[in-house]
Amino acid sequence: MAFTSAVAIFLGSFLLFLVQPVIGKMILPWFGGTPAVWTTCMLFFQVLLLAGYAYAALLARIASPVRQATIHIALLSLSLLLLPITPSTAWKPPDGEYPAIRILLMLAATVGWPYFLLSATSPLVQAWFARAYPTRSPYRLYALSNVGSLGALLLYPFVVEPALTTTQQGTLWSVAFVVFVLGSGVLAVQLWRLRFALQTAPVDSQATGTSDKKRKRKQDASAAGMPSTYDRWLWLLLPALASLMLLCITNHLCQDVAVIPFLWILPLAIYLLSLIICFDRDWWYSRRWFSLGAVVMILIASDLSYFAFVDSIRATPSSSPLWRFVRYDIRFIISVYLALFFLVCMVCHGEVVRRKPVASKLTEFYLSVSAGGALGGFIVAVVCPLIFASFLELQIGLIVSFLVAISVFLSDVNQRGLSAAKPLTKKNASVKAESKVPLALMTIVSLLAVFAVVSAQVVSLDLDSKIIIRNFYGTLKVREWFEDDPDHFGRAMYHGSILHGYQYMTAEKENMPTTYYSEQSGVGKAIVAKRGATPLKIGVVGLGVGTIAAYGQTGDTMRFYEINPLVIDLAKDPFTFLSKSPAQIEVVSGDARLSLERESPQQFDVLVLDAFSGDSIPVHLLTREAMEIYLKHMKPDGIIAIHVSNRYVNLAPVVDRLAAANGLQQWMITQNEMKYLELAVSEWILLAPSTQAFEGLEAFGVAPKSWPDFEAWTDDYNNLFELLQPAY
């Protein structure tokens, strides 16, 4: 039974976490590829995990483990009727409204019941194991369950995602779930054979797994090992902090790079790794060194937050190589935040494991830990968007994590002294007395560090913005620039920290195309080149502030596709590019790809692709399947203008492979000059069926080099990390 229990827990946890990136990638293109898709999925999975643990705790109240197993296996068998888990295309949203509710309903209908039962497997089997083997610790099985979860997460981006389509992934998972149900039946048979021994086995007499003999003797001598109220609160709040930081850091990374499974998996894998380490052996967790490391890394991350804020309020970024490395090198930034997250998780989970109870309280313990994870997810996905206009949860999480880490560090120093390795006894009591002065000094230094961290986060709030609003698709800010310079006075819109449009506020310049869309830019040159005797029809994927409407003339039709309702509202007020354009303006709400997929051919002269979310790349808009949809809407001599400017990723190979796959010619136009916000550095690649479409453009650009070893992105395959580039 011990072997079967281990296999059931490992396979159940493997499937539990494999389904998350599988289903997340399936639905990501349907909801605009925004980071909030993963946040909403994580909220669903965390809440369902909590429900599964509650179900396990309720089922554990039944005296007979055999009866518990019978009920559980019966429900698992019924869940087979819901397979496969691949969601129907009927769930595709018709517009951009209520995306979170639609995601939650779809997940509940497709994967909810199997996931709920899988989540209950680990605590249930551990409870059965504790009854069958009263002298062995069940907590190492929890570490094993996290090994299975971590294995699934690491296997997905390197094996499953490159080798299988999303439909095949869903089918394979469903087959594996059937195997799991059959294996659970074997375990139920073994429980039935041991039914008489299980009825008489003591529950609380098994080893707790702790390496601290003194703590074990104290626990055995206590009245039934009952946890204190303080312990129960920590079981809830510390996992909540770890979960909150998981989603905050995942959001932060996805907003700046791309919403892809690999960036979902990295933080989640680190989260599980900390659980594995902490639950496997008590001595893996060193309070002093992990808490000190967390303090140092949060100080470094606070500096990064400060640099990001200073850079966002400058009209022109700093040219200092060191500044650009710290601010823009994505490898450095990812490393800092992931190291910080690992150390914070070790502190949170290590402190929880130090307070783990005896086996009779096992399901209650896991229920509290799961409730903490769900609480953190609920705060990030539901509470924060309702009460904050921007992503303040990261700043709050950093401050709270810093306070927790520094409290743990000072507590350890206070107990053991600065250099003592053992707990205080009568023999080494002098250590505490000798450490009073250094401890006081460290307390002062700690208070100064807390002030530094809090100050850095407060400064980054950007309180000078005229408008700050937030929804499912991100945070939008409107700032006014050059108030003291009438010739350049204007307002800009930012998505996160990335400029998405600028308009002069003087009557003479208010209809001048600016930033990445100036007359010197690739899109400006393309529109001018297509200008002839007949009016133009121009499609734009990504509205921004509507700058491209400045190129519209009487008789032209300009059709904008925008998924974010708040962007549409801001483009109409306070920006006026749309309202003052002489062209006929059409704004289509919803994901551009889904909208174009449903529409009849539009016959665009120019189609502009510029749908960045922050600096995040909408991968689903740059695949072979997406390009086929775009070409359906183009005139035979039309031009597709793709904005490939990015701080972190070289998108030229992606466009090159798309062009080659569809027999298109390409031309690259780069704008390197910066002038206030009138001109911004930009890089555009133009695609057309023949080079005749580029007549007159040769003087402004070059044919981009070929990338023969790069594979074209598809909906089922895309590898972003081989395109990462330093931006300094």
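Residues numbered from 1 in each chain as written. Predicted model: local features only at pLDDT ≥ 70, side-chain atom pairs only at ≥ 80, totals over all residues. Heavy atoms only, no water.

Asker: Is there a simple way to think about the sheet that holds strand E2 (residues 474–481) in this case?
Answerer: Strand pairing within a sheet occurs via backbone hydrogen bonds; the two strands may be parallel or antiparallel. The four strands lie next to each other as E1-E2-E3-E4, forming an open sheet whose pairing is antiparallel. Of all strands in the sheet, those with a lone pairing partner are strand E1 (467–471) and strand E4 (498–504), marking the two edges. Across the sheet, the mean angle from the axis of one strand to that of its neighbour is 15°, orientation sign disregarded. Packed onto the sheet, helix H20 (residues 565–572) meets E1, E2 and strand E3 (490–495) and runs at close to 155° relative to E1. (Pairing = 2+ DSSP bridges. Helix = DSSP H or I, 4+ residues; strand = E, 2+ residues; numbered from the N terminus. Axes fitted to C-alpha atoms, helices over the stretch in contact; angles between N-to-C directions. Contact = heavy atoms within 4.5 Å.)

Asker: How should helix H4 (residues 99–110) be read in this particular structure?
Answerer: Helical periodicity: at 3.6 residues per turn, an α-helix aligns residues three or four positions apart in one direction. Between its first and last C-alpha, H4 extends 16 Å over 12 residues, near the 16 Å set by a 1.5 Å rise per residue. Within H4 the residues assigned to the buried category are Pro99, Ile103, Met106, Leu107 and Thr110. Taken end-on, H4 shows its buried residues confined to a sector of 100°, consistent with a single buried face. Those residues of H4 that are exposed and angled more than 90 degrees off the buried face are Ile101 and Leu105. The inward-facing, buried residues of H4 contact helix H1 (2–27), helix H2 (35–59) and helix H5 (112–132). (Expected span 1.5 Å × (residues − 1). Buried < 20%, exposed > 50% of the residue type's maximum accessible area, 1.4 Å probe, protein only. Arc of directions from axis to C-beta.)

Asker: Could you clarify how one ought to interpret the side chain of Thr557 in this entry?
Answerer: Residue position: Thr557 is located in strand E6 (residues 557–562). Look at Thr557 and you get buried, because its relative accessible area is 15%. When sequence neighbours within four positions are dropped, the list of residues in contact with Thr557 reads Leu536, Lys537, Ile538, Gln584 and Glu586.

Asker: Can you help me understand a nonpolar patch on the surface in this one?
Answerer: On the surface, Leu78, Leu81, Leu82 and Trp113 cluster together to form a nonpolar patch covering roughly 410 Å² of accessible area. Positionally, Leu78 belongs in helix H3 (residues 65–79). (Patch = residues over 30% accessible without salt bridge, like charges linked within 9 Å, V, L, I, M, F, W, Y side chains within 5 Å. Areas by Shrake-Rupley, 256 points an atom, 1.4 Å probe, with all protein chains shown as cover. Salt bridge = Lys/Arg side-chain N within 4 Å of Asp/Glu carboxyl O.)

Asker: Please clarify how the packing of H2 against H5 should be interpreted in this entry.
Answerer: When two helices pack together, you describe them by how their axes are tilted relative to each other and by the distance separating the axes. The N-to-C vectors of H2 and H5 enclose an angle of 50°; their axes lie 7 Å apart at closest approach. Taken together, H2 and H5 sit at an angle that is classed as oblique. Regarding H2 and H5, the two cross each other, and that crossing is right-handed. Here Phe44, Phe45, Leu48, Leu49, Ala51, Gly52, Tyr53, Tyr55, Ala56 and Leu59 of H2 lie close against H5, whose contacting residues are Gly112, Tyr115, Phe116, Leu117, Ser119, Ala120, Pro123 and Leu124. (Parallel < 35°, antiparallel > 145°, perpendicular 65-115°, else oblique. Left-handed = near helix turned anticlockwise from the far one by under 90°.)

Asker: Any chance you could explain the sheet that holds strand E5 (residues 537–541) here in plain terms?
Answerer: The strand order across the open sheet formed by seven strands is E7-E6-E5-E8-E9-E11-E10, and the pairing between neighbours is mixed. In this open sheet, the two strands that pair with only one neighbour each are strand E7 (584–589) and strand E10 (665–671). Adjacent strand axes in the sheet meet at a mean angle of 20°, parallel and antiparallel pairs treated alike. Bridging between E5 and E6 involves five bridges; their strand directions are parallel. Across the sheet, Val541 pairs through a bridge with Tyr561, a residue of E6.

Asker: I would appreciate a short explanation of the pattern of salt bridges in the present structure.
Answerer: Here the idea is simple: oppositely charged side chains can pair when their charged atoms come close. Taken as a whole, this structure holds 13 salt bridges when the rule is applied. For Arg559, the salt bridge is made with Glu586, and the minimal N-O distance between the two is 2.7 Å. Here Arg559 is found in strand E6, whereas its partner Glu586 is found in strand E7, with 27 residues between them in sequence. Taking relative accessible area as the criterion, Glu586 reaches 21% and is therefore assigned partly exposed. Among the ionic contacts, a cluster of salt bridges with common partners joins Asp231, Arg287, Glu351, Arg354 and Arg355.

Asker: Is there a simple way to explain the packing of H5 against helix H7 (residues 166–193) in this structure?
Answerer: In contact at an axis separation of 12 Å, H5 and H7 are set at 30° when each is read in the N-to-C sense. What the angle tells us is that H5 and H7 run roughly parallel. The handedness of the crossing between H5 and H7 comes out as left-handed. Together, Pro114, Leu118, Thr121, Val125 and Trp128 of H5 and Trp173, Phe177, Phe180, Leu187 and Leu191 of H7 make up the contact between the two elements. Class assignment for the residues of the contact of H5 with H7 results in nine nonpolar, one polar and no charged. (Nonpolar A, V, L, I, M, F, W, Y, C, P; charged D, E, K, R; others polar.)

Asker: Explain unusual backbone geometry here, please?
Answerer: Trans peptide bonds make up most of the peptide bonds, and negative phi angles are found at most residues other than glycine. Of note, the bond from Leu83 into Pro84 is cis; its omega dihedral lies within 30 degrees of zero at -5°. Relative to the helices and strands, Pro84 is located in the loop between H3 and H4. With an omega of 25°, the peptide bond running from Asp573 to Pro574 counts as cis. The residue Pro574 is located in the loop between H20 and E7 in this model.

Asker: What's the story with the pairing of E6 in this structure? I'm lost.
Answerer: Within E6, six of the six residues are buried, leaving the element largely enclosed by the surrounding structure. Here E6 shows two buried faces, one formed by Thr557, Arg559 and Tyr561 and the other by Met558, Phe560 and Glu562. In terms of strand pairing, E6 meets E7 through six bridges, oriented parallel. Paired with Glu562 across the bridge in E7 is Ser589. Handedness of the crossover joining E6 and E7 through H20: right-handed. (Right-handed = clockwise from strand over helix to strand, strands pointing away.)

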